[in-house]
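# Chains, contacts and geometry: an overview
Below, each chain spelled out in residue letters.
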Amino acid sequence: MASHQIKERASIETLREIAKAHGFVIRPQEESEYLKFVHAAQESVDFVDLLPDYVDSRLAPNIGTSNQVPRTFTLPSISENPLNAWSHRTYIQGSGLADGTGLLAGKKVAIKDNTSVAGVPTTGGTQPFHLCKDKPAPIPTIDAPVVSRILEAGAVITGTSTCENYCMSAMSCTSATGPVENPWLRGYSTGGSSSGSAALIALHVVKKWRESRGLPVEDLGEGVDFALGSDQGGSIRIPAAYCGIYGLKPTHGLVPFTGITSLFPILDHTGPLASSVRDAALFLAVLAGYDGFDPRMTPEAPLRSAVPQYHAILDEQIAARTTAGTWTSQAAGRNIRVGVLKEAFEVAGIQPDIVSVVHKAASRFASLGASVTDVSIPLHLAAPHIFTASTRAYMADILLSRQGSSTASSLPFPFPSSAPAVPDQSWYETLTTSNPLLVGLLLSSEVLTDRSKYPETVREKAVRHVQELRTAYDKALQQLDVLIMPATPNVGPRHVEDMGVAEKAGFLLSNTLNTMPFNITGHPGLVIPVGWGRVEGGNEEEKLPVAMQIVGKRFDEQAVFLAAAAWEVGGLGLDEE
């Protein structure tokens, strides 16, 4: 947005102060010459700042045209939002709905509330006036490419889903609107930060599961068929795990992140939450492919015309095995090479139920005829340190878009937006209570960008260790099709209220130890339910889903889907009571 005013021109005194800060003195006879150079740069920036904004035609939504009614939104009432899973309700109809075409024709979809949906507020799960200083929340004028693709596939977007405060929590207790409830057990976490997206899928799963057992069914509100999430440390996979559904973090760069709130470019992933393996594969076919904007996407990413039809390929693989007589509970795993990641069962705080259930799930692969071997990758346990060292210094610049930040403004293809709010005392007080991770992020980023203590070579070294970690997983996967491990160290814990800053900050990310390594390495990870575990502090009858994560080679989501589907030939995880 243009400021519509010419900035004050730099003076010779300005240049002297800059030179002093950098340890040199400009010779007097050269001061006026350098000043001309700086003024020329200011003139160019002022010229562009006064231009009308540019919106690429590929991003402009068809609002108010003959085939698209004007978009409106409402805040959900308490009665229609018993899980606090909806952020805003809307009804945006896809172009393929009328004639029944499109992979998602007639399906209801929720979009995580950190993704640009034109005409609908984007809150990022945080309090009013945190994301912009002149209005409670920004209302985008552009659809993110993934939103356009969902609509082109014939879907109906029925709302945006609640997410965690600034999407910086792997639990579901930090959103400005309150905790998102686990549809299996009230008072317990759905996981975050795509908390609402997972709950809106899971409530149908819960209803179906309870009805099939003759159990009473609680009114959990209206759900959806598919939901979009984003994952920057586990934020698709952890909610899927806690809610007993399916969540895929695709290969980094397979699905465009354009128009979605970034945390740090190498971490940014968006992808599907669904109620089955096939639905996850189908939704990925809708979302994937180069968008022409996002430099996270490399030459490895397919063009839209070349995106695999993951669901159709899975159908073909199953059909071929069925014809061969091998799609059975004794042979469905044949020719699938599975590695059980040893260190993933040793992460801090892992519960005994998780270990036993996922080991049992690994054994099922063997009974299905798969090749199952134990694999050791010691560097997996160092991944949290590598993650932090390679990303933390600039996270505050990118996420909070602070004034004076150079990093945020250099991110790929920024969407039009209002001027960001500047953290102040009110911001500090609010977030220290709801999500102290944000204050800690700001403070630690400032410390880590002090070049007298942490020169850029420190982060550069950390990035090289990211490559070392990727290479370690790649080396194991040369002899395997997939790696399997617990998705989380626990089942969904109780929501917490009375915690100090350090304890709460630790709690909010304590469940990411097996998910976030694959955010920095970019490998795809699919979470599927494989059983049940006892809740901490509950009685013997109170249990929540346990999930297994299946990790594959980069850009080989098909092997991950096949392994998951083969495992379920032996029975669905939620039936493992």
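Structure's up top.
The structure contained in this document is the topic of the report that follows. (Residues numbered from 1 in each chain as written. Predicted model: local features only at pLDDT ≥ 70, side-chain atom pairs only at ≥ 80, totals over all residues. Heavy atoms only, no water.)

### A look at the overall build of the chain
Heads up, the condition is: Counting from the N terminus, the helices are the DSSP runs of H or I reaching at least four residues and the strands are the DSSP runs of E reaching at least two. In this treatment the radius of gyration is a C-alpha quantity, and the globule benchmark scales as 2.2 Å times the residue count to the 0.38 power. Think of it in three bands: with a 1.4 Å probe and only protein chains considered, a residue is buried below 20% of the maximum accessible area for its type, exposed above 50%, and partly exposed in between.
Looking only at helices and strands, the chain features 15 helices and 13 strands. Here the C-alpha radius of gyration of the chain, 24 Å, is about what a compact globule of 577 residues would show, namely 25 Å. For the chain, the spread of C-alpha atoms along the three principal axes comes to 85 × 55 × 50 Å. Every one of the 577 residues in the chain was classed for burial, and the buried ones make up 55%.

### Description of the state of the cysteines
Note the cut-off: Pairs of cysteine sulfur atoms within 2.5 Å are identified as disulfides in what follows.
Tallied over the full model, the rule gives zero disulfides. Summary of cysteine pairing: Cys173 is not part of a disulfide, and the nearest cysteine sulfur, belonging to Cys163, is at 14 Å. There is no disulfide at Cys243, and the cysteine sulfur nearest it, in Cys173, is 14 Å away. On the accessibility criterion, Cys243 (0% relative accessible area) is buried.

### With respect to the packing of helix H9 (residues 383-400) against helix H12 (residues 456-477)
Worth spelling out the cut-off: Angles here are taken between N-to-C directions and fall from 0 to 180 degrees, while the axes themselves are lines fitted to C-alpha atoms, restricted in helices to the stretch in contact. Here roughly perpendicular refers to angles of 65 to 115 degrees, roughly parallel to angles under 35, roughly antiparallel to angles over 145, and oblique to all remaining angles. Each helix crossing is assigned a hand: it is left-handed if the near helix lies turned anticlockwise from the far helix by less than a right angle, otherwise right-handed if that turn is clockwise. Two residues form a contact once any of their heavy atoms are found within 4.5 Å. Residues are grouped as follows: nonpolar covers Ala, Val, Leu, Ile, Met, Phe, Trp, Tyr, Cys and Pro; charged covers Asp, Glu, Lys and Arg; every other residue, Gly included, is treated as polar.
Two elements in contact, H9 and H12, have axes whose closest approach is 9 Å; the angle formed by their N-to-C orientations is 140°. Considering the angle they form, H9 stands oblique to H12. The interaxial crossing formed by H9 with H12 has left-handed handedness. Across from Ala383, Ile386, Ala389, Ser390 and Tyr394 in H9, the residues of H12 making contact are Glu456, Arg459, Ala462, Val463, His465, Val466 and Leu469. Split by residue class, the contact of H9 with H12 holds eight nonpolar, two polar and two charged.

### Some points on the pairing of strand E2 (residues 108-112)
As a reminder, the rule being used: Being paired, for any two strands, means DSSP has found at least two bridges between them. Looking down the strands as they point away from you, a crossover is right-handed if its path from the first strand over the helix to the second goes clockwise.
Most of E2 is tucked away, with four of its five residues classed as buried. Bridge count between E2 and strand E3 (residues 156-161): five bridges; the pairing is parallel. The partner of Lys112 across the bridge, within E3, is Ser161. In terms of handedness, the path from E2 via helix H3 (residues 145-152) over to E3 forms a crossover that is right-handed. Inspection of the sheet shows E2 paired to strand E6 (residues 226-231) by three bridges, in the parallel sense. Its bridge partner being in E6, Val109 is matched across the sheet by Phe226.

### So, the pattern of salt bridges
To keep it simple, the criterion reads: Should a side-chain nitrogen of Lys or Arg be within 4 Å of a carboxyl oxygen of Asp or Glu, the pair is scored as a salt bridge.
Across all of its chains, the model carries 26 salt bridges by this definition. Between Glu33 and Lys36 there is a salt bridge, with the nearest N and O atoms lying 3.9 Å from each other. Here Glu33 and its partner Lys36 are both found in helix H2 (residues 28-49), three residues apart, which amounts to about one turn of the helix. Given the relative accessible area of 56%, Lys36 is considered exposed. The closest approach of N and O atoms between Glu300 and Arg554, which form a salt bridge, is 3.2 Å. Here the residue Glu300 occupies a position in the loop between helix H6 (277-287) and helix H7 (310-323), and Arg554 occupies one in the loop between strand E13 (543-552) and helix H15 (557-568), the gap between them amounting to 254 residues. Members of the salt-bridge network, linked through shared partners, are Glu80, Arg89, Lys108 and Glu222.

### Concerning a nonpolar patch on the surface
As a reminder of what qualifies: A patch consists of residues exposed above 30% relative accessible area that lack any salt bridge, with like charges linked at up to 9 Å and nonpolar side chains (Val, Leu, Ile, Met, Phe, Trp, Tyr) linked at up to 5 Å. Values of accessible area rely on a 1.4 Å probe in the Shrake-Rupley scheme; residue burial ignores everything except the protein chains shown.
On the surface, Phe47, Val48 and Leu51 cluster together into a nonpolar patch covering about 310 Å² of accessible area. By secondary structure assignment, the location of Phe47 is in helix H2. By relative accessible area, Phe47 is classed as exposed at 56%.

### As for the packing of aromatic side chains
Under the convention used in this document: Each aromatic pair joins two rings of Phe, Tyr and Trp (for Trp, the six-membered one) with centres within 6.5 Å, and gets the label stacked for planes under 30 degrees apart, edge-to-face for over 60, and tilted for any other angle. Two thresholds decide whether a charge sits over a ring: the Lys NZ or Arg CZ must be within 6 Å of the ring centre and within 35 degrees of the ring normal.
Enumeration over the complete set of coordinates arrives at six aromatic pairs. Between Tyr473 and Phe518, the aromatic rings sit 4.6 Å apart at their centres with planes inclined by 40°, giving tilted as the arrangement. Here Tyr473, found in helix H12, pairs with Phe518, found in helix H14 (residues 517-521); they are 45 residues apart in sequence, far enough to count as distant. We classify Tyr473 as buried; its relative accessible area is 0%. Overall, the relative accessible area of 0% leaves Phe518 in the buried class. Across from the ring centre of Trp86, 3.8 Å away, lies the NZ or CZ of Arg89, which sits over that ring. When the ring centre of Trp567 is taken as origin, the NZ or CZ atom of Arg364, which lies over that ring, is 3.8 Å away.

### Section: the pairing of E13
For E13, the buried fraction is high: nine of the 10 residues fall into the buried class. The pairing of strand E11 (residues 482-486) with E13 spans five bridges and is antiparallel. When the bridges of E13 are listed, Leu483 appears paired with Val551.

### Some details on helix H13 (residues 501-508)
Stated formally: The arc in question is the one traced by the directions running from the helix axis out to the C-beta atoms.
Taken as a whole, H13 has its buried residues at Lys504, Ala505, Phe507 and Leu508. Taken down its axis, H13 places every buried residue within 160° of arc, on the same side. As for H13, its buried residues are in contact with helix H10 (425-434) and helix H11 (436-448).

### Quick notes on the nonpolar core
Operational definition: As used in this record, nonpolar core signifies buried Ala, Val, Leu, Ile, Met, Phe, Trp, Tyr and Cys residues forming a set joined through side-chain atoms within 4.5 Å.
Counting 150 residues, the largest nonpolar core has Ile528, Met548 and Phe561 as its most contacted members. Among the elements that make up this core, the one with the highest residue count is H9 (10 residues). Setting aside its immediate chain neighbours within four residues, Ile528 contacts Ile245, Tyr246, Val277, Val546, Ala547, Met548, Ile550, Ala564 and Trp567. Among the nonpolar cores identified, the runner-up in size contains five residues, and Ala10, Leu15, Ala19 and Ile26 belong to it.

### Concerning the sheet that holds E6
The 11 strands lie next to each other as E1-E3-E2-E6-E8-E7-E12-E13-E11-E9-E10, forming an open sheet whose pairing is mixed. Each edge of the open sheet carries a strand with a single partner, namely strand E1 (86-93) and strand E10 (371-375). Averaged over neighbouring strand pairs, the angle between their axes works out to 25° when direction is ignored. Where strand E12 (residues 525-534) meets E13, nine bridges bridge the pair, whose relative direction is antiparallel. Bridge assignment links Ile528 to a residue of E13, and that residue is Met548. Contacts between H6 and the sheet are confined to E2, E6, strand E7 (246-249), strand E8 (269-274) and E12, with E8 contributing the most and set at about 140° to the helix.

### Things to note about the environment of Leu254
Mapped onto the elements, Leu254 comes out in the loop between E7 and E8. Residue Leu254 is classed as buried on the basis of its relative accessible area, which comes to 1%. On a C-alpha basis, the gap between Leu254 and Leu287 in space is 8.7 Å, while along the polypeptide they are 33 residues apart.

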